[in-house]
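Listed here are the chains, written in short residue letters.
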Amino acid sequence: MPARTRAPAAAQRAVPARVAVAIAAALVAGPAAGAATPRHAAHPRAAPHPGRGTAADQAAAAARRAVAQAQAAQQALVARQRRQARDLATRTAARDAARAQARQDTARAAALSAATVDATTRLQQTEQQTADLADRVAALRAEQARLRAELARDSAAITPMLPLAARLARYPADTLLAAPVPPDRAIAGLLVIQGLSAQLEQRADAIRTRRAALAALDADLAARTAQLSALQQQQAAQRDSVARAAEAARQAQQRSNGAATRAARQVEDATRQASSLQDAVNRIEALEKAAEDRLEQAAQAAIRAHRADEAATARARAAAIAQGPGPGLSARAPGTPAGRGAPVPGTIVTAWGAATESGPATGITYAPPSGATVRAPCAGQVDFAGVFRSYGQMIILDCGRHDRFVLAGLGALAVSTGQALAHGAPVGRMPDWAGQGARPTLFVQLRHGGGAVDPAPFL
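Visitor: Would you take a moment to explain the state of the cysteines for this structure?
Guide: A covalent bond bridging the sulfur atoms of two cysteines is what the word disulfide describes. With the rule as written, the count across this model stands at one disulfide. Shown here is the disulfide that connects cysteine 378 with cysteine 399, its sulfur atoms set 2.0 Å apart. One quick way to see it: the torsion about the S-S bond of cysteine 378 and cysteine 399 is about -75°, and its sign makes the bridge left-handed. On the criterion of sequence distance, the pair formed by cysteine 378 in the loop between β5 (373–375) and β6 (380–387) and cysteine 399 in strand β7 (residues 393–400) is long-range, its members being 21 residues apart. Across this residue pair, the class does not change: cysteine 378 and cysteine 399 are buried.

Visitor: Would you mind going over the packing of aromatic side chains with me for this structure?
Guide: When we look at a pair of aromatic rings, we describe it by the centre distance and by the angle of the planes. Under the definition given, this model contains three aromatic pairs. Between tyrosine 391 and phenylalanine 443, the ring centres sit 6.5 Å apart and the planes meet at 40°, which makes this aromatic pair tilted. Of the two residues, tyrosine 391 is situated in the loop between β6 and β7 and phenylalanine 443 in strand β12 (residues 442–448); the sequence distance between them amounts to 52 residues. For tyrosine 391, a relative accessible area of 30% corresponds to the partly exposed category. The class for phenylalanine 443 is buried, based on a relative accessible area of 18%. Here the aromatic cluster, defined as three or more aromatic residues joined through ring pairs, consists of Phe384, Phe388, Tyr391 and Phe443. The ring centre of phenylalanine 388 lies 5.9 Å from the NZ or CZ of arginine 389, which sits over that ring.

Visitor: Looking at this model, I keep getting lost on the nonpolar core. Mind explaining?
Guide: As a rule of thumb, nonpolar side chains are buried together in soluble globular proteins. In terms of nonpolar packing, the biggest core is built from 24 residues, with Val374, Val427 and Leu442 touching the most fellow members. Of all the secondary-structure elements, those providing two or more residues to this core are β4 (364–367), β6, β7, β8 (403–410) and β12. If we skip the residues at most four places from it in the chain, leucine 442 touches Pro343, Val344, Ile364, Thr365, Tyr366, Pro368, Val374, Leu407, Ala408, Leu410 and Met430.

Visitor: Whenever I open this one, the packing of helix α9 (residues 277–304) against helix α10 (residues 308–323) confuses me. Can you help?
Guide: Packed helices, taken two at a time, are described by the angle between their axes plus the distance between the axes. Two numbers describe how α9 lies on α10: the axes approach to 8 Å, and their chain directions differ by 165°. It follows from the interaxial angle that α9 and α10 lie roughly antiparallel. The chirality of how α9 crosses α10 is left-handed. In contact with Glu288, Ala291, Glu292, Leu295, Glu296, Ala298, Ala299, Gln300, Ala302 and Ile303 of α9, α10 contributes Glu310, Ala311, Ala314, Arg315, Arg317, Ala318, Ile321 and Ala322. Class assignment of the residues belonging to the contact of α9 with α10 gives a composition of 11 nonpolar, one polar and six charged.

The rules behind the values
Residues numbered from 1 in each chain as written. Predicted model: local features only at pLDDT ≥ 70, side-chain atom pairs only at ≥ 80, totals over all residues. Heavy atoms only, no water. Disulfide = S-S within 2.5 Å. Helix = DSSP H or I, 4+ residues; strand = E, 2+ residues; numbered from the N terminus. Buried < 20%, exposed > 50% of the residue type's maximum accessible area, 1.4 Å probe, protein only. Phe/Tyr/Trp six-rings, centres within 6.5 Å; stacked < 30°, edge-to-face > 60°. Lys NZ or Arg CZ within 6 Å of the ring centre and 35° of its normal. Core = buried A, V, L, I, M, F, W, Y, C linked by side-chain atoms within 4.5 Å. Contact = heavy atoms within 4.5 Å. Axes fitted to C-alpha atoms, helices over the stretch in contact; angles between N-to-C directions. Parallel < 35°, antiparallel > 145°, perpendicular 65-115°, else oblique. Left-handed = near helix turned anticlockwise from the far one by under 90°. Nonpolar A, V, L, I, M, F, W, Y, C, P; charged D, E, K, R; others polar.

Interpretation note: all reported values are geometric properties and have no functional meaning in isolation.
In structure tokens, the structure reads:
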């Protein structure tokens with residue numbers, strides 16, 4: 001009996017309260033009935049109840065089964081909680097590993113992007129030299145054509161007089177005395193011949209000068225053409241090297257975790273659905289504001305639940321979104337030539353604020369050389385990379401602190417949405433242009449928040 005009493009008591013501590021109460025009630029009823037049996041057995045006229053002991057045993061057995069079931073349920077609950085804890089720990093570790101991998105991939109992509117800056121700068125210098133030399137070669141060829149045309153004209157003018165000049169040179173007396181004329185007319189003829197000779201001599205000198213200039217021009221043109229060919233080969237090699245480095249940076253960024261990729265795609269999809277460039281940037285700003293609001297709500301909820309670490313993490317992420325992926329923009333240092341930080345070589349065809357058909361220009365339009373490389377005008381992250389409306393291939397680059405550069409009119413892209421870029425890294429190339437049709441141009445716009453600002457002080 002004491003052993004039986006202790007077993008239910010221990011079971012009560014290990015099972016839920018309601019089960020323990022039911023078991024205790026059953027056990028109390030069982031021993032009470034069993035304890036009365038010896039007194040009744042001692043009475044000579046009393047007979048034991050045939051079913052009372054059996055009922056007590058059944059109650060005790062039922063209680064033991066209930067205890068065993070409760071213990072099994074509790075063990076199953078504990079095991080399930082442990083499994084859930086292990087699963088949660090596994091998922092948390094996987095999430096942390098994915099975030100760490102994303103940070104590593106972003107850092108590696110940024111490092112690879114930074115490694116392309118010097119090569120891209122050299123490539124753009126080569127492209128500018130190639131374009132300048134090509135313009136010089138074109139000017140030399142035009143000058144060559146002009147000299148040849150003048151030589152042909154002078155030769156045509158002097159050709160009819162060449163037989164007479166040759167006869168005078170060989171037989172001056174016979175030529176002059178061929179026809180008898182009065183002395184005054186003979187003297188006039190001599191004067192005419194003398195003037196004609198002087199004119200022929202001048203034209204001959206001009207022809208000789210032009211021929212010498214043409215010969216020198218031909219030599220200069222041949223040298224510059226060879227130099228242009230060498231520069232073009234160097235440019236092609238540099239372009240291949242920069243393209244490989246840019247592709248390596250893009251591939252490194254694409255390994256980032258799914259959350260970062262989904263966020264980047266969300267921004268890209270919102271941009272594609274925009275009706276205008278201003279609408280596109282406003283949509284991106286709205287997504288950032290919504291993300292900041294969600295993180296602030298998460299921080300407030302964590303504070304109410306006394307989870308200071310989660311609140312600090314949420315607010316740090318919100319601050320990172322507000323700061324942006326880049327350092328923001330700063331005006332070029334005093335004394336730095338304007339345009340040195342231009343994203344492409346070439347000339348400006350439309351300056352900021354210039355009059356256009358749609359009003360004052362909201363950006364700067366460049367006329368680059370054929371196939372020129374386009375560089376990132378700031379460090380940051382690509383919000384959008386693709387075809388947008390009538391702008392063609394376009395890039396929106398988040399420089400941080402709500403500053404964004406828009407580059408439109410590219411022929412090919414070397415970056416993808418979500419990619420981290422260094423200042424001066426390659427982002428794509430202009431279309432090839434052989435001189436026929438409209439010349440491709442690059443439109444560069446700088447937006448702070450939802451409004452366009454003059455990009456010139458930052459280029």
